[in-house]
Amino acid sequence: MLRGKYALDSEIVSGELEIRENHKFKYRYIVGLIDTESEGTWEIKDNQIVLTSDPSYQVNKIEVKEFDTDTNYEINMQFRDGSPVVMANLIINRDSSKIYRTNERGKIELPDNAGISSFTVFYLGEVYKYKVQNKKSFMIQLVPDDLSKTYFYKRKFKLKRNRIIDQEYNWKYCK
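In this report, we go over the structure that sits alongside the text. Model, not experiment: these values are computed from the prediction.

**Brief notes about the environment of Val31**
Phase 1: Mapped onto the secondary structure, Val31 falls in strand β3 (residues 24-31).
Phase 2: Considering only alpha carbons, one finds Val31 and Leu159, 128 residues apart in sequence, at a separation of 24 Å.
Phase 3: Leave out the neighbours within four places in its chain, and Val31 touches Ile12 and Val13.

Spelled out as structure tokens, the structure:
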């Protein structure tokens, strides 16, 4: 029976993968100062267990909403909690001769003739690229990297005699 708790068989790292009856999983991994987790759904495909995390575990990305407005071009950047992203840099259409920066409210007002086809956001050493759909104003939600979260997208683990094997790292989880 597949369902149950599996412990990572390692002397260096600690980890656990719980396979629940309702096709849900819970994952935790600890090494040094990193303590990360994930939850989501699982399925069996080609004698492998396939994990897909809930969307809330996906990090290090931007989510963009575009708007047509009668006013100037504007960018409003915030975190998931609604607080402004201050001091983020932005380059439009790969023209690095003009760098725009968010103000204390997380906003950038751009010239009327901006003609934006793409932009790149730089924040705390991370780079986020976006291709524009022909709108004038943008609400950007920044989801920075978070080492407390792990995101699996259809990640395959091999099943072998009461073991679940992470093929990427060759880690074995035993019941």
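**A word on the side chain of Ser38**
Phase 1: Mapped onto the elements of the fold, Ser38 is located in strand β4 (residues 34-45).
Phase 2: On the basis of relative accessible area, Ser38 is assigned to the buried category, the value being 0%.
Phase 3: A distance of 2.9 Å separates a polar atom in the side chain of Ser38 from the backbone oxygen of Thr150.

**Quick word on the sheet that holds strand β11 (residues 118-123)**
Phase 1: Spatial strand order, β9-β8-β11-β12: four strands in an open sheet with antiparallel pairing. Unpaired on one side and paired on the other, β9 (99-101) and β12 (126-131) mark the two borders of the sheet. Each strand axis lies, on average, 25 degrees off the axis of its neighbour in the sheet, ignoring direction.
Phase 2: Pairing analysis gives four bridges linking strand β8 (residues 89-92) to β11, with the strands arranged antiparallel. Its bridge partner being in β11, Leu90 is matched across the sheet by Val121.

About the cut-offs
Residues numbered from 1 in each chain as written. Predicted model: local features only at pLDDT ≥ 70, side-chain atom pairs only at ≥ 80, totals over all residues. Heavy atoms only, no water. Helix = DSSP H or I, 4+ residues; strand = E, 2+ residues; numbered from the N terminus. Contact = heavy atoms within 4.5 Å. Buried < 20%, exposed > 50% of the residue type's maximum accessible area, 1.4 Å probe, protein only. Polar contact = N/O pair within 3.5 Å; in protein donor to acceptor, adjacent residues only side chain to side chain. Pairing = 2+ DSSP bridges. Axes fitted to C-alpha atoms, helices over the stretch in contact; angles between N-to-C directions.

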